[in-house]
Amino acid sequence: MINRRNFILGSAFTSLTSLLGFKRAEISKRTLISAEASPLVISTWNHGLPANEAAWGVIKNGGKAIDAVETGVKVPEADPESNSVGYGGYPDRDGKVTLDACIMDETGNCGSVSFLQHIKHPISVARKVMEDTPHVMLSGAGALEFALQKGFKKDDLLTDKARAAWKRWLEKSEYKPIVNRKNHDTIGLLAIDQKGDISGACTTSGLSWKLHGRVGDSPIIGAGMFADNEVGGAVATGMGEAVMKTLGSFLIVELMRGGMTPQRACEEAVGRIAARQDYKSFQIGYLAINKSGEHGAFAIHKGFSYALHQGGENKMHNAKYLIE
Ligand code: ASP
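Residues numbered from 1 in each chain as written. Predicted model: local features only at pLDDT ≥ 70, side-chain atom pairs only at ≥ 80, totals over all residues. Heavy atoms only, no water.

### Focus on the pattern of salt bridges
Using the following cut-off: Counted as salt bridges are all cases of a side-chain nitrogen of Lys or Arg within 4 Å of a carboxyl oxygen of Asp or Glu. Helical segments are the DSSP runs of H or I of at least four residues, strand segments are the runs of E of at least two, and each set is numbered from the N terminus. Each residue is placed in one exposure class: buried if its accessible area under a 1.4 Å probe, protein chains only, is under 20% of its type's maximum, exposed if it is over 50%, and partly exposed if it falls in between.
What the rule picks out here adds up to 16 salt bridges. The shortest N-O distance in the salt bridge between Asp132 and Lys150 comes to 3.0 Å. With a gap of 18 residues between them, Asp132 in helix 5 (residues 122–132) and Lys150 in the loop between helix 6 (140–149) and helix 7 (160–172) connect regions that are remote in the sequence. Among the residues examined, Asp132 registers a relative accessible area of 40% and is labelled partly exposed. A relative accessible area of 36% means that Lys150 is categorised as partly exposed. In this structure, Arg257 engages Asp228 in a salt bridge whose closest nitrogen and oxygen atoms are separated by 2.7 Å. Placement of the pair is Arg257 in helix 9 (residues 248–257) and Asp228 in strand 7 (residues 225–228), with a sequence separation of 29 residues. The exposure class of Arg257 is buried, given its relative accessible area of 13%. The structure contains a network of salt bridges with shared partners spanning Asp67, Glu70, Arg127 and Glu131.

### Observations regarding the sheet that holds strand 10 (residues 295–301)
Our working definition: We treat two strands as partners when DSSP finds at least two bridges between them. In this analysis an axis means a line fitted to C-alpha atoms, helices contributing only their contacting stretch, and an angle means the value between N-to-C directions, from 0 to 180 degrees. Contacts: residue pairs with any heavy atoms within 4.5 Å of one another.
Across the sheet, which stays open at both edges, the five strands sit in the order 7-8-9-10-13 with mixed pairing between neighbours. Two strands in the sheet have a free side with no partner beyond their single neighbour: strand 7 and strand 13 (320–323). Between one strand axis and the next, the sheet turns through 15° on average, direction left out of account. Pairing analysis gives seven bridges linking strand 8 (residues 232–238) to strand 9 (residues 284–290), with the strands arranged antiparallel. Residue pairing for strand 9: Gly232 is matched across the bridge by Asn290. With respect to the sheet, helix 9 is in contact with strand 7, strand 8 and strand 9, its orientation differing from that of strand 8 by roughly 145°. The sheet contacts of helix 10 (residues 262–276) involve strand 9, strand 10 and strand 13, and relative to strand 10 the element is tilted by about 25°.

### A few points about the environment of Leu207
Along the chain, Leu207 falls in the loop between strand 6 (198–204) and strand 7. With a relative accessible area of 11%, Leu207 lands in the buried category. It is 9.9 Å that separates the C-alpha atoms of Leu207 and Thr98, two residues lying 109 residues apart in sequence.

### Side note on the side chain of Glu106
Selection criterion: Contacts described as polar in this section are N or O atom pairs within 3.5 Å, which, within protein, must combine one atom able to donate a hydrogen with one able to accept it, while residues neighboring in sequence count only if both atoms come from side chains.
When you line up the elements, Glu106 lands in the loop between strand 2 (99–104) and strand 3 (110–116). The class of Glu106 is buried, set by a relative accessible area of 19%. For Glu106, the side chain forms a polar contact with the side chain of Lys64, separated by 3.0 Å. Beyond its immediate sequence surroundings of up to four residues, Glu106 is in contact with Lys64, Asp197, Ile198, Ser199 and Asn229.

### Observations regarding the nonpolar core
For clarity, the threshold we go by: Definition of nonpolar core: a set of buried residues of the types Ala, Val, Leu, Ile, Met, Phe, Trp, Tyr and Cys, connected through side-chain atoms within 4.5 Å.
Residues Ile42, Ile252, Ile273, Phe282, Ile284 and Tyr286 are the most contacted members of the largest nonpolar core, which totals 47 residues. With residues up to four places along the chain from it excluded, the contact list for Ile273 reads Ala242, Thr246, Tyr279, Phe282, Ile284, Tyr286 and Ile300.

### Focus on the confidence of the model for the protein chain
Cut-off, in case you're wondering: On a scale of 0 to 100, pLDDT captures the predictor's confidence in every residue.
Summary statistics for the protein chain give a mean pLDDT of 89 and a share of 86% for residues scoring 70 or more. Contacts of residues 1–35 to residues separated by more than four positions or lying in other chains number 18 contacts, the stretch itself having pLDDT below 50.

### Describing the pairing of strand 8
Within strand 8, seven of the seven residues are buried, which leaves the element mostly enclosed by the surrounding structure. Every second residue of strand 8 is oriented toward a common face, with Gly232, Ala234, Ala236 and Gly238 on one face and Gly233, Val235 and Thr237 on the other, all of them buried. Pairing analysis gives four bridges linking strand 7 to strand 8, with the strands arranged antiparallel. From the neighbouring strand, Asp228 faces strand 8, where its bridge partner is Gly232. Taken together, strand 7 and the strand that follows it, strand 8, pair antiparallel across an intervening segment of three residues.

### Considering the site of the ligand
Note the following rule: Each residue is tested against the molecule or strand, and it is near if at least one of its non-hydrogen atoms lies within 4 Å. Areas reported as accessible are Shrake-Rupley estimates using a 1.4 Å probe. Residue values count occlusion only from the protein chains shown. Gly falls in the polar group here, along with every residue not listed as nonpolar (Ala, Val, Leu, Ile, Met, Phe, Trp, Tyr, Cys, Pro) or charged (Asp, Glu, Lys, Arg).
Every residue close to the ligand is listed here: Asp185, Thr186, Gly206, Leu207, Arg214, Asp217, Ser218, Thr237, Gly238 and Gly240. At 2.6 Å, a side-chain N or O of Thr186 approaches an oxygen atom of the ligand. One of the side-chain nitrogen or oxygen atoms of Arg214 is found 2.7 Å away from an oxygen atom of the ligand. A total of 270 Å² of accessible area belongs to the ligand in isolation, and the protein chains cover 100% of it. For the shell around the ligand, a count of residues per class yields one nonpolar, six polar and three charged.

### A short note on helix 3 (residues 48–60)
Heads up, the condition is: A helix is expected to reach a length of 1.5 Å times the quantity of its residues less one. The arc refers to the directions leading from the helix axis to the C-beta atoms.
Between its first and last C-alpha atoms helix 3 spans 17 Å; for 13 residues at 1.5 Å apiece the expected length is 18 Å, and the two agree. The complete set of buried residues in helix 3 reads Gly48, Ala51, Asn52, Ala55, Trp56, Val58 and Ile59. Down the axis of helix 3, the buried side of the element spans an arc of 155°, and every buried residue falls inside it. On its buried face, helix 3 is in contact with strand 1 (40–44), helix 4 (65–78), strand 5 (187–192), strand 11 (305–310) and strand 12 (313–318). Of the residues flanking the end of helix 3, it is Gly62, one or two places downstream, whose phi is positive at about 85°.

The structure is reproduced here in structure tokens:
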């Protein structure tokens, strides 16, 4: 029987949830789905395959999604052949390798570092910011000082190969956003663990030859990555400025909260960029997952690929796109 107190509570709940775009039925449906969610790891570009493998190692042993995402992205961070992430990343136009990274757990807690130099694993520094400080983001010299205090080692991240590429670029010093790159780019990685919990991580050396001091979307919670354990998660790669102007990852998660599939939400987020920006000259790729383990991917141009580890397979896939 509905008494007055329950009725008032009930209607307050209804108006609050409808204000947020929810319906009660949808909430209980989600709760049901979450109990059945199948574990997965998904990440951007070819370097996603070994990253997924490492992340999956954590998940298959019953580990937490937050540990899986950190473990996963550390693989390309340490790989000198990955030219857009960590060690071996291409420098800015002054020849300095500057790194951006962020991480978010299933409770909505998050940490990030931006414009960090000399540290091979910015994602682990971001995690320390999340766990050991009351802050979300540390930047530049302060982030480096914090990392050193936490016991991280100072490294020279500019490899001979990256230095040679920078020297070649210096001959013309032309900065043009590159529509597509092969085999390297920011890594954004999302995971669902065996409990059904979702976490995400994103780490990059940013756009090659950028202005010294430039920070992209990757360390910005809600731009380069966002995860909400009730709904799902999203990551971005490509021209960071376009993602920042539309807060792409947060947008995708909110669209999924409103009922869109991950695929539709990624398409809509690309559409928001296309509606207002000179989108043909740059690339954006979005990846998203929802609580039930469905995923979506969409890019402006052909060529965005991602790695998905689910159902016993770790495989590359090509994302759908807006224009050839
Ligand atoms: N999103 C990164 C940035 O703008 C670049 C990338 O994904 O390659 O810094």
